[in-house]
Amino acid sequence: MRAVTWQGRHDVRVETVPDPIIKEPTDAVVRITTTGLCGSDLHLYEVLTPFMTPGDILGHEPMGIVEETGPEVTHISPGDRVVVPFQIACGHCWMCRSGLPTQCETTQVVEHGTGAELFGFTKLYGAVAGGQAEYLRVPQAQYGPIKVPEGVQDDRYVYLSDVLPTAWQAVEYAEIPRGGTLAVLGLGPIGIMACRVAKVRGMADRVIGVDLVPERLRRARADGVEVHDLDDFSRQEDLVEAILSTTSGRGPDAVIDAVGAEAHGSPLGRTAQRVTGFLPRDWAAKLTEKAGVDRLAALRLAIALVRRGGTISLSGVYGGMADPLPLMTMFDKQIQLRMGQANVRRWADDIFPLLTDDDPLGVDGFATHRMPMEEAPRAYEMFQHKEDGAIKVLMRP
């Protein structure tokens, strides 16, 4: 089959690789019809390269048609149309039954002290072959895949793999008081969908968005979000003051950081991340595991913005082991901080009723680009550099 493979920093290639097969009685094989390109994929493209191996198959936002199932998979059958959540979880361990499939005790990567295995990610999360491919082996298929109806385009459901539950959890974790104000930092796919979720669910009277990409700002403004362009402010303090002045001087009740480790405005963190890209992979991995740092501009902005006693919800991915945080300020402001990978199956049943013909979340027109999978190298480059208005890219094998 053909698949998108990681070959090095800024180097992805579409290559012919062996077809996946059933290995365990809980496996399924899915023929992919649509697969997304995610901001987390860009971490592998540049920042997390020490934990990748040339030939790794990328992608964790797939959907398609079931081709084959193992004998212990009974809720789906060949021919069914399914979305595959990005994490691999069993559904029956204590963590899964507690609503935390990202911490699944059956698939935790104990060797590295991390949570559940993820499709198309680094060895820290199992190095499981991903869904930017013609076919995907799905472990723990007795629980993971979500069956979806026939008759509508893939765009309606593909975001159940990651974007929708990640945005939904970000809003849930934000604990916005009824009638409160939410600020969202980063208006990429997760950020803009979090804005939509908060508004559709009536969880915030006001939603404020911050970004610096014109296309993202325009899209958010069209959704009724009050937007602030980072480029309009020479200092972070000026942006903070501008938002505080519209919130009775207190700040938003909740802030969602939908940016994460690759924020603009963190030159030292960027330099530290880039240095590891030029070291031998084993050296770089050891250095990152002990002394890795993130670009913390977005998180520091969230801490400065949120009102005292408010909540910061992190959906942007962070991976640093030595990140310096202003704990004195966080303690003094009595900030609640919630974070983590989205627990897809926990939220899927809540989201499903909104994927109707009325399309209140705007999923049908959410993608800005649809490309053949063979053009993946160009898609990654375009998405990394935010060219041609690229906000969300879907690929088809």
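Parameters and conventions
For every chain, the first residue of the written sequence is number 1, and numbering continues from 1 onward in sequence order. It should be noted that, the model being predicted, local features are given only for residues of pLDDT at least 70 and side-chain atom pairs only at 80 or more, the latter also being counted only at that level, while totals for whole chains, interfaces and linings use all residues. With hydrogens and water stripped out, all remaining heavy atoms of the structure feed into the side-chain values. Labels follow the DSSP assignment, with helices taken as runs of H or I lasting at least four residues and strands as runs of E lasting at least two, numbered in each case from the N terminus. Whether a residue is buried, partly exposed or exposed follows from its accessible area with a 1.4 Å probe, protein chains only, as a fraction of its type maximum: under 20%, in between, or over 50%, in that order. Any two residues whose heavy atoms approach within 4.5 Å at even a single point are treated as in contact. Confidence of the prediction at every residue is given by pLDDT, a number between 0 and 100. Taken from the helix axis, the directions to the C-beta atoms give the arc we talk about. We call a set of buried Ala, Val, Leu, Ile, Met, Phe, Trp, Tyr and Cys residues a nonpolar core when their side-chain atoms join them within 4.5 Å. For the domain bounds, the source is a domain assignment made automatically or taken from a database. The pairing criterion for strands is at least two bridges between them, as found by DSSP. Every angle, taken between N-to-C directions, lies between 0 and 180 degrees, and every axis is a line fitted to C-alpha atoms, over only the stretch in contact when it is a helix. For classification purposes, angles smaller than 35 degrees are called roughly parallel, those larger than 145 roughly antiparallel, those between 65 and 115 roughly perpendicular, and all remaining angles oblique. By the definition used in this description, the sense in which the near helix is turned from the far one sets the handedness, with an anticlockwise turn below a right angle giving left-handed and a clockwise turn giving right-handed. Put simply, Ala, Val, Leu, Ile, Met, Phe, Trp, Tyr, Cys and Pro go in the nonpolar bin, Asp, Glu, Lys and Arg in the charged bin, and everything else, Gly too, in the polar bin. His residues and chain termini do not enter the charge count, which takes Lys and Arg as positive and Asp and Glu as negative. Put simply, a salt bridge is a Lys or Arg side-chain nitrogen that is within 4 Å of an Asp or Glu carboxyl oxygen.

Undergrad: Give me the overall build of the protein chain: which residues, what numbers.
TA: Per the secondary structure count, the protein chain includes 12 helices and 16 strands. The buried share of the protein chain, reckoned over its 397 residues, is 56%. Of the contacts made within the protein chain by residues no fewer than 6 positions apart, 74% connect residues no fewer than 24 positions apart.

Undergrad: Tell me what's going on with the confidence of the model for the protein chain, and back it up with residues and numbers.
TA: Considering every residue of the protein chain, the mean pLDDT works out to 90; 89% of them sit at 70 or more. Residue range residues 263-293 is modelled with pLDDT below 50. Its contacts to residues more than four positions away, or to other chains, number 57 contacts.

Undergrad: Describe helix α6 (residues 236-244), listing the residues and the values that go with them.
TA: Among all positions of α6, only Leu239, Val240, Ile243 and Leu244 are buried. Seen end-on, α6 carries its buried residues on one side only, within an arc spanning 130°.

Undergrad: Give me the nonpolar core: which residues, what numbers.
TA: In this structure, Tyr159, Leu164, Ile176, Leu182, Met193 and Ile256 are the most contacted members of the largest nonpolar core, which totals 72 residues. In terms of residue count, helix α3 (residues 163-174) provides more of this core than any other element does, eight residues in total. Residues lining this core come from more than one domain, with at least three contributed by each of domain 1 (2-162 + 343-395) and domain 2 (164-339). Counting 20 residues, the second largest nonpolar core, distinct from the first, contains Ile208, Ile303, Leu305 and Leu314.

Undergrad: Tell me about the sheet that holds strand β4 (residues 56-57), and please be specific about residues and values.
TA: Taking strand neighbours across the sheet as the criterion, the three strands line up as β2-β1-β4 in an open arrangement whose pairing is antiparallel. The sheet is open, and its two edges are formed by β2 (11-16) and β4, each paired on a single side. Here six bridges tie strand β1 (residues 2-8) to β2, and the two strands are oriented antiparallel to one another. Across the sheet, the residue bridging to Arg2 is Thr16, located in β2. Each of β1 and β2 is contacted by helix α12 (residues 376-384), which is oriented at about 160° to β2, the strand it contacts most.

Undergrad: Quick rundown of the packing of α6 against helix α9 (residues 297-305)? Include the residues and the values.
TA: At a minimum axis separation of 10 Å, α6 and α9 run at an interaxial angle of 40°. By the angle class used here, α6 and α9 are oblique. Crossing hand, α6 versus α9: right-handed. On α9, the residues touching Gln236, Leu239, Val240, Ile243 and Leu244 of α6 are Ala297, Arg300, Leu301, Ala304 and Leu305. Of the residues contributing to the contact of α6 with α9, the split by class is eight nonpolar, one polar and one charged.

Undergrad: I'd like a rundown of the side chain of Arg219, residues and numbers included.
TA: You can see Arg219 is positioned in helix α5 (residues 214-222). The charged side chain of Arg219 is buried without a salt bridge, its nearest counter-charge being Asp223 at 6.2 Å. Among all residues touching Arg219, those that are not within four sequence positions of it are Ile192, Arg196, Gly365, Phe366, Thr368 and Ile391.

Undergrad: I'd like a description of helix α11 (residues 344-351), backed by residues and values.
TA: All of the buried residues along α11 are Val344, Trp347, Ala348 and Ile351. One side of α11 carries all its buried residues, which in axial view fall inside an arc of 125°.

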